[in-house]
Amino acid sequence: MSRTPFIAGNWKMHGTIAEAEQLVQALLPRVAAAPCDIAVCVPFTALQAVVDSVRGSGVAVYAQNMHHAEKGAFTGEVSAAMLGELDVDGVVLGHSERRQLFGETDKALQLKVPAALDAGLEVILCVGETEDERENGDTERRLRHQVQEGLEKVPAERLGDVVIAYEPIWAIGTGNVATPEQAQDALAFVRALVADRDKEQAERTRILYGGSVKADNAAELLALPDCDGALVGGASLDAEQFAAIVDAAPQR
Ligand code: PEP
């Protein structure tokens, strides 16, 4: 089955509204003819402005987190319905920075992933091992736990709707990109984990690589058989770099 490549830029906590608009205006003309799916993952405060700026362009807008509940006494949190009200297309869930710095657990993700899908949001679920886990031969155990927990409450027929980003934590923001062999092994392993639930859906599932993707290493990673795109952090803040990564996506 052919899967449309998907390049998503995670802006993290970067960008005032004015800066976000500037970045998106620089990006849109550079990706207008792209044959792949593109998303920008934007800080909450700039979501509305970016949604308005990209309208009609085909570029999707994602938030970087949400709460699983529809509403309630959860100070500082934002629900899927609130994101939907802004016409946001999707949400990144379980990014390693949320897991490591803000205590995001696999149990919380078990609730967030189906809540986002039920609300009509697309989901990028992030998984990945630490440097210690890789060195100790624990990569597969870690990925198995994260993928199985994150997808546990997703009905089988919706598994293929969840995009999974494999992001080795040691590669995020470090310049230490995974080798093509390391990336392909992990991406294929993640697909096999989805196939344990449903083989057909695993063929639909788009699995992205994330971790120090730049214009000069993107083509090699994006050509891997189980790589359906990239989640890009630092390089997504530069319209030219991000567009070059989009250009490196193979036509499938
Ligand atoms: C990320 O934030 O998901 C990421 C992969 O960052 P970077 O591309 O900067 O390593």
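Throughout this description, residue numbers start from 1 for each chain and increase along the sequence as written. Residue-level local features of this predicted model are given only where pLDDT is at least 70; pairs of side-chain atoms are given and counted only at 80 or more, and the full residue set underlies all totals for whole chains, interfaces and linings. Calculated side-chain values reflect all of the structure's heavy atoms, with hydrogen atoms and water omitted.

**Some words on the overall build of the protein**
And step 1. By definition, any uninterrupted DSSP run of H or I lasting at least four residues is a helix, any uninterrupted run of E lasting at least two residues is a strand, and each is numbered from the N terminus. Tallying secondary structure elements over the protein gives 11 helices and eight strands in all.
And step 2. Between the two quantities, the radius of gyration covers C-alpha atoms and the globule rule is 2.2 Å times the number of residues to the power 0.38. Against the compact-globule benchmark of 18 Å for 252 residues, the protein has a radius of gyration of 17 Å, which places it among compact chains.
And step 3. Categorising residues by exposure relies on relative accessible area from a 1.4 Å probe, with only protein chains included: less than 20% of the type maximum marks a residue as buried, more than 50% marks it as exposed, and the intermediate range marks it as partly exposed. By residue count, 54% of the 252 residues in the protein fall in the buried class.
And step 4. Once local pairs closer than 6 in sequence are excluded, the contacts in the protein between residues at least 24 apart make up 73%.
And step 5. Working definition of accessibility: Shrake-Rupley area with a 1.4 Å probe, residue cover restricted to the visible protein chains. Per element, the accessible surface of the protein, about 11300 Å² overall, is 49% carbon and sulfur. The contact definition used throughout considers only heavy atoms, calling two residues in contact when any of these lie within 4.5 Å.

**Here's the deal with a negative patch on the surface**
And step 1. Patch criteria: residues need more than 30% relative accessible area and no salt bridge. Like-charged residues are merged within 9 Å; nonpolar side chains of Val, Leu, Ile, Met, Phe, Trp and Tyr are merged within 5 Å. Note on definitions: salt bridges are taken to be side-chain nitrogens of Lys or Arg within 4 Å of carboxyl oxygens of Asp or Glu. Just so you know, the count uses Lys and Arg for positive and Asp and Glu for negative, and it drops His and the chain ends. The location of each charge is read from NZ of Lys, CZ of Arg, CG of Asp or CD of Glu. A grouping of Glu-140, Glu-181, Asp-185 and Glu-220 is seen on the molecular surface, where their side chains present a negatively charged patch.
And step 2. Within the fold, Glu-220 resides in helix α10 (residues 218-222).
And step 3. Relative accessible area serves as the criterion here: at 53%, Glu-220 is assigned to the exposed category.

**Considerations on the site of the ligand**
And step 1. In the neighbourhood of the ligand, 14 residues make up the surrounding shell, with Lys-12, Glu-167, Gly-173, Ser-212 and Gly-233 lying closest.
And step 2. The separation between an oxygen atom of the ligand and a polar side-chain atom of His-95 is 2.8 Å.
And step 3. In the shell around the ligand, the residues fall into four nonpolar, eight polar and two charged. Being near a molecule or strand, for a residue, comes down to having at least one heavy atom within 4 Å of it. Side-chain atoms alone can form a polar contact between residues adjacent in sequence; in general such a contact is a pair of N or O atoms within 3.5 Å, and within protein one must be able to donate a hydrogen while the other accepts it. Residue polarity follows a fixed list, in which Ala, Val, Leu, Ile, Met, Phe, Trp, Tyr, Cys and Pro are nonpolar, Asp, Glu, Lys and Arg are charged, and the others, Gly among them, are polar.

**Re helix α2 (residues 47-54)**
And step 1. The element α2 is extensively covered by neighbouring structure, given that six of its eight residues are classed as buried.
And step 2. Every buried residue of α2 is listed here: Leu-47, Ala-49, Val-50, Val-51, Ser-53 and Val-54.
And step 3. Check the buried side of α2 and you find it contacts α1 (17-31), β2 (37-41), β3 (60-63) and α3 (80-85).
And step 4. Phi for Gly-56, located one or two positions after α2, is positive at around 85 degrees.

**Concerning the pairing of strand β5 (residues 122-127)**
And step 1. Burial of β5 is extensive: five of the six residues sit out of reach of the surface.
And step 2. Paired strands, as defined in this entry, are two strands with at least two bridges between them according to DSSP. Of the strand pairs in this sheet, strand β4 (residues 90-93) and β5 are connected by four bridges, and their pairing is parallel. Of the residues in β5, the one forming a bridge with Leu-93 is Leu-125.
And step 3. Relative to strand β6 (residues 162-166), β5 runs parallel, the two sharing five bridges.

**Section: the side chain of Gln-146**
And step 1. Tracing the chain through its elements places Gln-146 in helix α7 (residues 139-151).
And step 2. Excluding its chain neighbours within four sequence positions, the residues that come into contact with Gln-146 are Arg-99, Asp-106, Val-127 and Gly-128.

**Observations regarding the side chain of His-67**
And step 1. Among the secondary structure elements, His-67 is positioned in the loop between β3 and α3.
And step 2. Among the polar contacts listed, one links the side chain of His-67 to the backbone nitrogen of Ala-69, at a separation of 2.9 Å.
And step 3. Filtering out sequence-adjacent residues up to four positions away, His-67 remains in contact with Phe-74, Glu-77, Val-78, Ser-79, Ala-80 and Lys-112.

**A short note on the state of the cysteines**
Working definition: the covalent bond between the sulfur atoms of two cysteines is a disulfide.
And step 1. Any two cysteine sulfur atoms within 2.5 Å of one another count as a disulfide. Evaluated as defined, the whole model comprises zero disulfides.
And step 2. Cys-126 forms no disulfide, and the closest cysteine sulfur to it belongs to Cys-41, at a distance of 8.4 Å.
And step 3. On the basis of relative accessibility, which here comes to 1%, the residue Cys-126 falls in the buried class.

**A few points about the packing of aromatic side chains**
And step 1. Planes of paired rings set the category: under 30 degrees apart is stacked, over 60 is edge-to-face and the rest tilted, where pairs are Phe, Tyr or Trp rings (Trp by its six-membered ring) whose centres lie within 6.5 Å. Here the structure, examined in full by the defined rule, presents two aromatic pairs.
And step 2. For the ring pair Phe-6 and Tyr-62, a centre distance of 6.0 Å and an interplane angle of 50 degrees mean the geometry is tilted. With Phe-6 in strand β1 (residues 6-10) and Tyr-62 in strand β3, the pair connects residues that are 56 residues apart, well separated along the chain.
And step 3. The exposure class of Phe-6 is buried, given its relative accessible area of 2%.

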